[in-house]
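A look at the structure
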Amino acid sequence: MRRKVKDNSGLTLVETLCAVLILVLLSLMLNSGLSMAIKTYQGITAESETQLLLSSLSDALADKLRYCVVYVDDAGDYRSSSIGEVQAAGGKIVVYEPDTGEEKPLLPDGAYGNPDGFYKGNYQVTMGSAAPGGADSATLKETYQKDTNSFAVKLTVKDVHLNITKTRELTVRCLNPPKEAAETPPGGETP
């Protein structure tokens, strides 16, 4: 027992350096594993949020279009008394009121990302015509199909931070039959 108490040799320099080297290697592996896990989490979160925004925009736009009343002239142009023009403006979908021309976003600003949060999501939305030969950047008038009384819309949502793009084409048939442009819309206005 006395030999163990008097033995104060401790660790040699080589043993200490080997222990430090092992700890450095373990911390490097832990660091690379954590950074890979964080990037994977951000990618999965970005893809999920992009898909959620696209789904929310599709549903909100389809609800607006499904119940609108369309007034069509001979050229195929239309006017609606319930919604004005709808277009992509500033990376968001904007609805203009038919009477006042007031601009209202289809979804609140927070739906398009939070550039100040942990995941710096920032989304750009474009709207095009899903009709054959349709424009990539279209207003709602360019997506209206007179023969089927429907709108063929292509929505694209892009996460500008991680470059993830999701696209959905939807065809929304108006439940109200089209009216001739000569008819007076509600409120006594002429189209």
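Scroll up to find the structure this text is about.
Computed from a predicted model, the values in this text were never measured in an experiment. (Residues numbered from 1 in each chain as written. Predicted model: local features only at pLDDT ≥ 70, side-chain atom pairs only at ≥ 80, totals over all residues. Heavy atoms only, no water.)

Regarding the overall build of the protein
Short version of the rule: Numbering goes from the N terminus for both helices and strands, where a helix is a DSSP run of H or I of at least four residues and a strand is a run of E of at least two. The cut-offs for exposure are 20% and 50% of the maximum accessible area for each residue type, with area from a 1.4 Å probe on protein chains only; residues under the lower value are buried, those over the upper are exposed, and the others partly exposed. The contact rule is simple, with two residues in contact once any of their heavy atoms fall within 4.5 Å. Accessibility throughout is a Shrake-Rupley quantity obtained with a 1.4 Å probe, and a residue counts as covered only by protein chains that appear here.
Within the protein, the secondary structure is distributed over two helices and 10 strands. Secondary structure elements of the protein occur, N-terminal to C-terminal, as α-α-β-β-β-β-β-β-β-β-β-β. Of all 191 residues assigned to the protein, the portion counted as buried reaches 30%. Residue pairs in contact within the protein that sit at least 24 positions apart in sequence constitute 57% of those at least 6 positions apart. Carbon together with sulfur atoms contributes 56% to the accessible area of the protein, which is approximately 12100 Å² in total.

What to know about the sheet that holds strand 3 (residues 86-89)
The following threshold applies: Here a strand pair is declared whenever DSSP counts at least two bridges between the two strands. Note on geometry: axes are C-alpha line fits, over the in-contact stretch for helices, and angles between N-to-C directions span 0 to 180 degrees.
Here three strands make up an open sheet; going across it, the order is 3-4-5 and the pairing antiparallel. The open sheet has two edge strands with one neighbour each: strand 3 and strand 5 (103-105). Across the sheet, the axes of successive neighbouring strands diverge by a mean angle of 40°, strand direction being ignored.

Considering unusual backbone geometry
Even without being a glycine, Asn149 presents a positive backbone phi close to 50°. As for its placement among the helices and strands, Asn149 is situated in the loop between strand 7 (144-145) and strand 8 (150-159). For Asn149, a relative accessible area of 6% translates into the label buried. Within the chain, Asn163 stands out as a residue other than glycine whose phi angle is a positive 60°.

With respect to the nonpolar core
The condition that has to hold: By nonpolar core is meant a set of buried Ala, Val, Leu, Ile, Met, Phe, Trp, Tyr and Cys residues that side-chain atoms within 4.5 Å join together.
Grouped together as the largest cluster of nonpolar side chains are 29 residues, with contacts concentrated most on Leu57, Ile93, Phe151, Val153 and Leu155. Considering each element in turn, this core owes the most residues, seven residues, to helix 2 (residues 13-66). Setting aside chain neighbours within four positions, we find Leu155 in contact with Leu54, Leu57, Ser58, Leu61, Ile93, Thr126, Met127, Lys166, Thr167, Arg168 and Leu170.

Description of the side chain of Asn149
Rule in force here: Here a polar contact is taken to be a pair of N or O atoms separated by no more than 3.5 Å, where protein atoms must pair a possible hydrogen donor with a possible acceptor and residues adjacent in sequence count only if both atoms sit in side chains.
A distance of 3.0 Å separates a polar atom in the side chain of Asn149 from the backbone oxygen of Asn176. Excluding its chain neighbours within four sequence positions, the residues that come into contact with Asn149 are Val70, Tyr144, Val172, Arg173, Cys174, Asn176, Pro177 and Pro178.

Section: the pattern of salt bridges
This is how it is decided: Each salt bridge in this description consists of a side-chain nitrogen of Lys or Arg and a carboxyl oxygen of Asp or Glu lying within 4 Å of one another.
Scanning all chains against the criterion turns up three salt bridges. One salt bridge in this structure joins Asp63 and Arg66, with 3.4 Å as the shortest N-O distance. In this pair, Asp63 and Arg66 are both assigned in helix 2, three residues apart and thus about one turn of the helix distant. In this structure Arg66 comes out as partly exposed when scored by relative accessible area, which is 27%.

In short, geometric facts, not functional conclusions.
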